[in-house]
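Chain and residue survey
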Amino acid sequence: MAFGWIDEQAEARRRAGLVRTLRPRPADSPLLDLASNDYLGLSRHPEVTEGAAEAARRWGGGSTGSRLVTGSTELHAALERALAAFCGFEAALVFSSGYAANLAAVTTLGPHGSLIVSDAGNHASLIDGCRLARGETQVVGHADPEAVRKALGTREGAAIVVSDTVFSVDGDRAPLADLAAACREYGAGLVVDDAHGLGVLGDGGRGAPYAAGLAGADDVVVTATLSKSLGSQGGVVLGPARVIDHLVNAARTFIFDTGLAPAAAGAALAALRLLEREPERAARAREVAAELHARLTAAGLEAVRPDAAVVSVRAPSPERAVRWAADCRSAGLAVGCFRPPSVPDGISRLRLTARADLSGAEIERAVRVIGETRP
């Protein structure tokens, strides 16, 4: 029977407690949201939604084609200039998603004959970029600059080191300065995904590379998403102008993909301008994360100390993690639930988003619900 193997895999997932289901949410959910990536609470901000609406009215519902045909508008160019200036890089290129941006950066900067050194804790989009790239990939221990040095020393020639800046599972930061030093010892480039750092870390939310003193370096390329702190949709690659020009000419997820919808570009640009006016939002997101961690650990829960806005709480098993998240939902709290194979260490977790717009009462309520529903 065609696709008969699908039934076998479905049964294996069911036995392992790893079945995933879609849960459409209403426009006005009554749940307290600690599951989304809306770190700065901007996705529903009036300026951001009006930015999306005005862009759609002016430019249309879609971009109408790939960026190299009709899909590049003046709005896209303005967003790229603003992102490059804000993050401290020479140039930027906007993609339809952060996933597409990561595939583009890794595949075009890790060509045949090159070495790609990848952190074991990297996001799936970076892992898939390594799989699609024609270079040789070596996976090294998590956040281990000495392992990176050892890998780079195994061969000569072109090489890149690929890492998240803030890892999405536990919210820990990569040692960016040490990674950059290792790269420079061997003439390698550093490619980092700042999806969970942009808007949260660095001066006014300018990102983890900015905080590490790497912004604008000619051997550093940064990817990020517009769908987290900026409350919109899409992705971006930032770096030297010659690298960005190379992506325009060589990145398949840029050349052959329809351009980012104008509404998403308009929303992201409005969010970026708002963040420039209100830089305190970044610090507030970090403060909320620290308070969540302190209250959870005081309640006897095993929570990982956050380096940005992700707070991770360990669960005993995949099944109990799913039940815990469901019980939280029943009590009015939405939390993320990370299980294998999404977690590289096999440990299931609740994943909480520390949003800048959470009040003290909401933080207290979230901790109470998590504690009362613990397995």
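What counts and what doesn't
- Residues numbered from 1 in each chain as written.
- Predicted model: local features only at pLDDT ≥ 70, side-chain atom pairs only at ≥ 80, totals over all residues.
- Heavy atoms only, no water.
- UniProt positions renumbered as here; feature names shortened; annotations may be inferred.
- Buried < 20%, exposed > 50% of the residue type's maximum accessible area, 1.4 Å probe, protein only.
- Helix = DSSP H or I, 4+ residues; strand = E, 2+ residues; numbered from the N terminus.
- Pairing = 2+ DSSP bridges.
- Salt bridge = Lys/Arg side-chain N within 4 Å of Asp/Glu carboxyl O.
- Core = buried A, V, L, I, M, F, W, Y, C linked by side-chain atoms within 4.5 Å.
- Contact = heavy atoms within 4.5 Å.
- Phe/Tyr/Trp six-rings, centres within 6.5 Å; stacked < 30°, edge-to-face > 60°.
- Polar contact = N/O pair within 3.5 Å; in protein donor to acceptor, adjacent residues only side chain to side chain.
- Axes fitted to C-alpha atoms, helices over the stretch in contact; angles between N-to-C directions.

- If you look the protein chain up in an unreviewed UniProt entry, it shows as 8-amino-7-oxononanoate synthase from Streptomyces nogalater.
- As its UniProt record puts it under Catalytic activity (unreviewed entry), the protein chain is described as follows: "6-carboxyhexanoyl-[ACP] + L-alanine + H(+) = (8S)-8-amino-7-oxononanoate + holo-[ACP] + CO2".

Re the pairing of strand β3 (residues 115-119)
- Of all five residues in β3, five are buried; the element is thus mostly enclosed.
- Residues L115, V117 and D119 point to one face of β3 and I116 and S118 to the other, with burial holding for every one of them.
- Relative to strand β4 (residues 136-140), β3 is paired through five bridges, and the arrangement is parallel. Of the residues in β4, the one forming a bridge with D119 is V140.

Description of the pattern of salt bridges
- In this structure the tally under the stated criterion is 17 salt bridges.
- The closest approach of N and O atoms between R184 and D219, which form a salt bridge, is 2.7 Å. With a gap of 35 residues between them, R184 in helix α7 (residues 176-185) and D219 in the loop between α8 (208-211) and β7 (220-225) connect regions that are remote in the sequence.
- Between D327 and R323 there is a salt bridge, and its shortest N-O distance comes to 3.0 Å. Linking D327 with R323, this pair stays in helix α13 (residues 318-330), spanning four residues, or about one helical turn.
- We classify D327 as partly exposed; its relative accessible area is 26%.
- One salt-bridge network, in which partners are shared between bridges, spans E11, R14 and R15.

Focus: the nonpolar core
- L34, L83, L190, L226, L296 and L333 are the most contacted members of the largest nonpolar core, which totals 90 residues.
- Per-element tally for this core: the top contributor is helix α11 (residues 262-277), with nine residues.
- Among residues more than four places away in sequence, those in contact with L333 are L31, L32, L34, C328, A366, V369 and I370.
- Formed by 23 residues, the second largest nonpolar core is a distinct cluster that contains A91, F95, A101 and I116.

Points about the packing of aromatic side chains
- By the definition in use, this model includes one aromatic pair.
- Ring centres of F95 and F254 lie 5.6 Å apart, and the angle between their planes is 70°; on these two criteria the pair is classed as edge-to-face. Of the two residues, F95 sits in strand β2 (residues 91-95) while F254 sits in helix α10 (residues 252-255), which places them 159 residues apart along the sequence. Pair check on accessibility: F95 and F254 agree, each one buried.

Considering the environment of D307
- Along the chain, the position of D307 falls in the loop between β9 (303-304) and β10 (310-314).
- For the pair D307 and E54, spaced 253 residues apart in the sequence, the C-alpha separation amounts to 36 Å.
- Not counting chain neighbours up to four residues away, the residues in contact with D307 comprise G171, D172, R173 and L201.
- A polar side-chain atom of D307 sits 2.8 Å from the main-chain amide nitrogen of R173.

Focus on the sheet that holds β9
- Strand order in the open sheet made by the five strands is β1-β11-β12-β10-β9, with mixed pairing throughout. For this open sheet the edge positions go to β1 (32-34) and β9, each flanked by a neighbour on one side alone.
- Where strand β11 (residues 333-338) lies against strand β12 (residues 349-353), three bridges are found, and the strand directions are antiparallel. Within β12, the position partnered with G336 by the bridge is R351.
- Contacting β1, β11 and β12, helix α14 (residues 360-372) crosses the sheet at an angle of about 80° to β1.

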